[in-house]
Amino acid sequence: MAKTKPGKKDLDGYSIKGTNKVVRIGDCVLMRPSDSDKPPYVARVEKIEVDHRNNVKVRVRWYYRPEESIGGRRQFHGAKELFLSDHYDLQSAHTIEGKCIVHSFRNYTKLENVGPEDYFCRFEYRAATGGFTPDRVAVYCKCEMPYNPDDLMVQCEGCKDWFHPSCMGMTIEEAKKLEPFLCSDCSSEDEVKRPLNSFHVEPKVESKRRKR
């Protein structure tokens, strides 16, 4: 009668080969893509397990980059923006290249210096449908676009809205010198305050879904 193979065992951590870094459950990691020309995939580690042959596997929840989503990258997406998806996978731990930090949108905007390991997430993403949670975000400026943390914006002392210097017909240097800054509505005598609108973030067009 054949012997039953020993089962899998859960691990608390995994040491990345060639480094002194230890990955634990809940950490965000960079994973080697199948195409070497692409940037590393980003994922959150949900589980670490080892089998009877000492093969270590990690169950991960993928983050998508805007260009990997249905609808693709849009004007308001930041360069370091990621979407936390509902796409889970079991991967070899050997494909982990390093660790990273995925900040909340609020915390990311407060960083004094953004390093190569820093990313941010403000949306959860449904990979099959291209849907987002939340599906609407506040908009700013005359262009009525969501906030992109990579773009400098100045706040109006009157209405407290935020504006892109280019949308106000000025350079970044000119905007930085203004104390206080007043938008065109607030600087006029017949000021009319605009209500804060919202932007529907779910795409209306189809594009290729990410493949692994």
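Data block above holds the structure.
The model shown is predicted, which means the values in this text are computed figures rather than measured ones.

Thresholds applied
- All residue numbers here refer to positions counted from 1 along the written sequence of the relevant chain.
- With pLDDT at 70 or above as the cut-off, local features in this predicted model cover only qualifying residues; side-chain atom pairs require 80 or more to be listed or tallied, and sums for whole chains, interfaces and linings still use all residues.
- Computation of side-chain values: all heavy atoms of the structure, hydrogens and water removed.
- Planes of paired rings set the category: under 30 degrees apart is stacked, over 60 is edge-to-face and the rest tilted, where pairs are Phe, Tyr or Trp rings (Trp by its six-membered ring) whose centres lie within 6.5 Å.
- Only runs of H or I of at least four residues qualify as helices and only runs of E of at least two qualify as strands under DSSP, and these elements are numbered from the N terminus.
- Classification of residues uses two cut-offs on accessible area relative to the type maximum, computed with a 1.4 Å probe and protein chains only: under 20% is buried, over 50% is exposed, and between them is partly exposed.
- None of His or the chain ends enter the tally, which takes Lys and Arg as positive and Asp and Glu as negative.
- Counted as salt bridges are all cases of a side-chain nitrogen of Lys or Arg within 4 Å of a carboxyl oxygen of Asp or Glu.
- Here a residue-residue contact requires only that any non-hydrogen atoms of the pair lie within 4.5 Å.

Draft legend 1. Here's a closer look at the packing of aromatic side chains. Taken as a whole and assessed by the stated rule, the structure comprises 11 aromatic pairs. Here Tyr-64 and Tyr-125 contribute two aromatic rings whose centre-to-centre distance is 5.4 Å and whose plane-to-plane angle is 45 degrees, an arrangement assigned as tilted. With Tyr-64 in strand β6 (residues 56-64) and Tyr-125 in strand β9 (residues 118-126), this pair connects stretches of sequence that are 61 residues apart. The buried category is assigned to Tyr-64, whose relative accessible area is 4%. Residue class for Tyr-125 comes out buried when judged on its relative accessible area of 2%. Relative to Phe-120, the ring of Tyr-108 lies with its centre 4.6 Å away and its plane at 35 degrees, an arrangement referred to as tilted. Placement of the pair is Tyr-108 in helix α1 (residues 105-109) and Phe-120 in strand β9, with a sequence separation of 12 residues.

Draft legend 2. Focus on the side chain of Arg-65. As for its position among the elements, Arg-65 is in the loop between β6 and β7 (81-92). Nearest to the buried, unbridged Arg-65 among oppositely charged side chains is Glu-68, at 4.4 Å. Excluding residues within four positions of it along the chain, Arg-65 makes contact with Pro-39, Pro-40, Tyr-41, Val-42, Glu-81, Leu-82 and Tyr-119.

Draft legend 3. Representation of unusual backbone geometry in the model. Residue Pro-134 is reached from Thr-133 by a cis peptide bond, and omega for that bond is -5 degrees. Here the phi dihedral of Glu-144 falls at roughly 50 degrees; this positive angle occurs in a residue that is not glycine. In this structure, Glu-144 sits in the loop between β11 (136-138) and β12 (154-155).

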